[in-house]
Amino acid sequence: MDKIFDSLSNRETALAIWILIALTACMFSKSIRQSFVGIIKALFAWKILVSILTFFAYTVLWIFLLHKFGFWDISFLKDTVIWALSFGFISLMNVNKVYDSKYFKIVLLDTIKWTIIIEFIVNFFTFSLTTELIFVPILVFSAMMQAAASFKSEHKQVEKLFKYVLTAFGIAIFTFSLYKTFEKHSQLFTIDNLKSFLLPVFLSITFLPFMYLYNLLVKYEELWIRLNLSIRNKKDRQRVKKQILLVANFNIDKLVSISKNIAKPINVYNDFSDEMVKTISKGKYVGSDE
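Residues numbered from 1 in each chain as written. Predicted model: local features only at pLDDT ≥ 70, side-chain atom pairs only at ≥ 80, totals over all residues. Heavy atoms only, no water.

1. Let's talk about the nonpolar core
This is how it is decided: To qualify as a nonpolar core, a set must consist of buried Ala, Val, Leu, Ile, Met, Phe, Trp, Tyr and Cys residues joined through side-chain atoms within 4.5 Å. Buried means the residue's accessible area, taken with a 1.4 Å probe over protein chains only, is under 20% of the maximum for its type, while exposed means over 50%, and partly exposed covers the values in between. Helix and strand labels come from DSSP, where a helix needs a run of H or I of at least four residues and a strand needs a run of E of at least two; each type is numbered from the N terminus.
One finds Phe 55, Tyr 220, Leu 223, Leu 227, Ile 244, Leu 255 and Ile 258 to be the most contacted residues of the largest nonpolar core, which totals 36 residues. Going through the elements one at a time, α4 (46-68), α5 (77-93), α6 (102-111), α11 (191-230), α12 (234-248) and α13 (252-261) are the ones with two or more residues in this core. Sorting elements by how many residues they give to this core places α11 first, with 13 residues.

2. A look at the layout of surface pockets
Gaps left between atoms are located by rolling a probe of water-molecule size over the structure's atoms. Note the threshold: Within this scheme a cavity is a closed region of a 1 Å grid, computed over the protein atoms alone, that accommodates a 1.4 Å probe without allowing it to escape, whereas a pocket is open but has protein on both sides within 12 Å along at least five of seven lines; lining residues each have an atom within 4 Å of a point. Grid points are joined across faces, edges and corners, and a volume is the space filled by probe spheres set on the points. Following the grouping adopted for this structure description, the nonpolar residues are Ala, Val, Leu, Ile, Met, Phe, Trp, Tyr, Cys and Pro, the charged ones are Asp, Glu, Lys and Arg, and the polar ones are all others, Gly among them.
Of the volumes computed, that of the second largest pocket is approximately 480 Å³. Along its surface, the second largest pocket is lined by 18 residues, and Lys 47, Ser 51, Tyr 214, Val 218 and Glu 221 are the ones closest to its centre. The set of elements that each furnish at least two residues to the lining of the second largest pocket consists of α4, α5 and α11. By residue class, the composition of the lining of the second largest pocket is 12 nonpolar, 3 polar and 3 charged.

3. Section: the packing of α11 against α12
Each pair of packed helices can be summarised by the angle the axes make with each other and by the distance between the axes. Test applied: Lines fitted to the C-alpha atoms define the axes, with helices restricted to the stretch that makes contact. Angles between their N-to-C directions range from 0 to 180 degrees. Throughout, the term roughly parallel applies to angles under 35 degrees, roughly antiparallel to angles over 145, roughly perpendicular to angles from 65 to 115, and oblique to all others. With the far helix as reference, a near helix turned anticlockwise by less than a right angle produces a left-handed crossing, and one turned clockwise produces a right-handed crossing. Residue contacts are counted whenever heavy atoms from the two residues lie within 4.5 Å of one another.
Direction vectors running N to C along α11 and α12 enclose 150 degrees, while the axes themselves pass 10 Å from each other. Here α11 is positioned roughly antiparallel relative to α12, judged by the angle of their axes. At the point where α11 passes α12, the crossing takes the right-handed sense. The segment α11 lies against α12, with Tyr 220, Leu 223, Trp 224, Leu 227 and Asn 228 engaging Arg 237, Val 240, Lys 241, Ile 244, Leu 245 and Ala 248. Each residue belonging to the contact of α11 with α12 can be placed in one class, and the counts come to 8 nonpolar, 1 polar and 2 charged.

4. Some words on a nonpolar patch on the surface
The criterion, for reference: Patches here: salt-bridge-free residues with over 30% relative accessible area, like charges joined within 9 Å, nonpolar side chains (Val, Leu, Ile, Met, Phe, Trp, Tyr) joined within 5 Å. Reported accessibility uses the Shrake-Rupley method at a 1.4 Å probe radius. Residues are deemed covered only where the shown protein chains occlude them. Any Lys or Arg side-chain nitrogen located within 4 Å of an Asp or Glu carboxyl oxygen qualifies as a salt bridge.
A contiguous nonpolar patch, built from Leu 15, Ile 19, Leu 23, Val 140 and Met 144 and spanning about 450 Å² of accessible area, is present on the exposed surface. Contributing elements (two or more residues each) for the nonpolar patch: α2 (10-26) and α8 (129-149). Looking at the nonpolar patch, the element that brings in the most residues is α2, giving 3 residues. Position of Met 144 relative to the elements: it lies in helix α8.

5. Side note on the packing of aromatic side chains
Any aromatic ring pair is given by two values, namely how distant the centres are and how the planes are angled relative to each other. Rules: Centre distance within 6.5 Å is the pairing criterion for rings of Phe, Tyr and Trp, where only the six-membered ring of Trp is used; planes under 30 degrees apart are then read as stacked, over 60 as edge-to-face, and the remainder as tilted.
Throughout the structure, instances matching the rule amount to 13 aromatic pairs. Between Phe 55 and Phe 210, the aromatic rings sit 6.5 Å apart at their centres with planes inclined by 45 degrees, giving tilted as the arrangement. Of this pair, Phe 55 sits in helix α4 while Phe 210 sits in helix α11, placing them 155 residues apart in sequence. Judged by relative accessible area, Phe 55 falls into the buried class, the value being 0%. In this structure Phe 210 comes out as buried when scored by relative accessible area, which is 12%. Look at Trp 62 and Phe 202: their rings are 5.5 Å apart centre to centre, the planes differ by 80 degrees, and that puts the pair in the edge-to-face class. Pair noted here: Trp 62 is in helix α4 and Phe 202 is in helix α11, with a separation of 140 residues, a long-range link. Relative accessible area serves as the criterion here: at 25%, Trp 62 is assigned to the partly exposed category. By relative accessible area, Phe 202 is classed as partly exposed at 30%.

6. Brief notes about empty space enclosed by the protein
One pass over the structure, following the stated rule, counts 1 cavity of 30 Å³ or more. By volume, the largest cavity amounts to about 30 Å³. Within the residue set of the lining of the largest cavity, elements represented by two or more residues are α4 and α11. Along the lines of polarity and charge, the residues of the lining of the largest cavity split into 5 nonpolar, 2 polar and no charged.

As structure tokens, then:
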């Protein structure tokens, strides 16, 4: 347990303190408490719960393998939890918004870009806890104000102001971190820090196959629901599903194309042949109104 607390940087400690303060304050509001209960209930819906438990089981499996080969110990629990609750959980919840296999290639490239190294350097060297306790709410407030102002054109000046504030803070933090990197490079370039840097990269890369298959299942379920409503005859419905499986199988691009372009054939044609499914998978039909 001491290793876990020791691994927390001043910035992470400050953020945790402010989150705890915010959650405590929110509990005094009845409406927020009711919304919070509603969110918890939604997470316990069986489909979402199974998805979350499967995701965490998958992650635990990789952590176990890393531990077996000596690349993970309890001191990396903090990094693992942060990755799981940020990139992992958010990606899982947004998986239904993925409609192109290129998305996974983009995620892979973004995972190994220099931004990760920059983030690693910036987060490794932090200010004192008192300074971080002052900086964190300012940064969060500025980011929220910039995001809120961006929705209306008449607030562009306000958006620019907070954009400059965030840029100034970003440059200051990066400059400080870069200076500390050169001054204390022996503290930065260690085996443990290398593992800490590579861990989220490794978890993100190994998470992509899980995310791909999960997305595939979601897309098939959505399409099956549409077919169940559109094709009343059970034998015809099963035949169409079988044909779609043979054509699309594990290809998300083909499955999405079929799902988008299947409306017209369902409404117009009685014979749903293999060739027709193949044609639909190439985007030949564009909708029921054409």
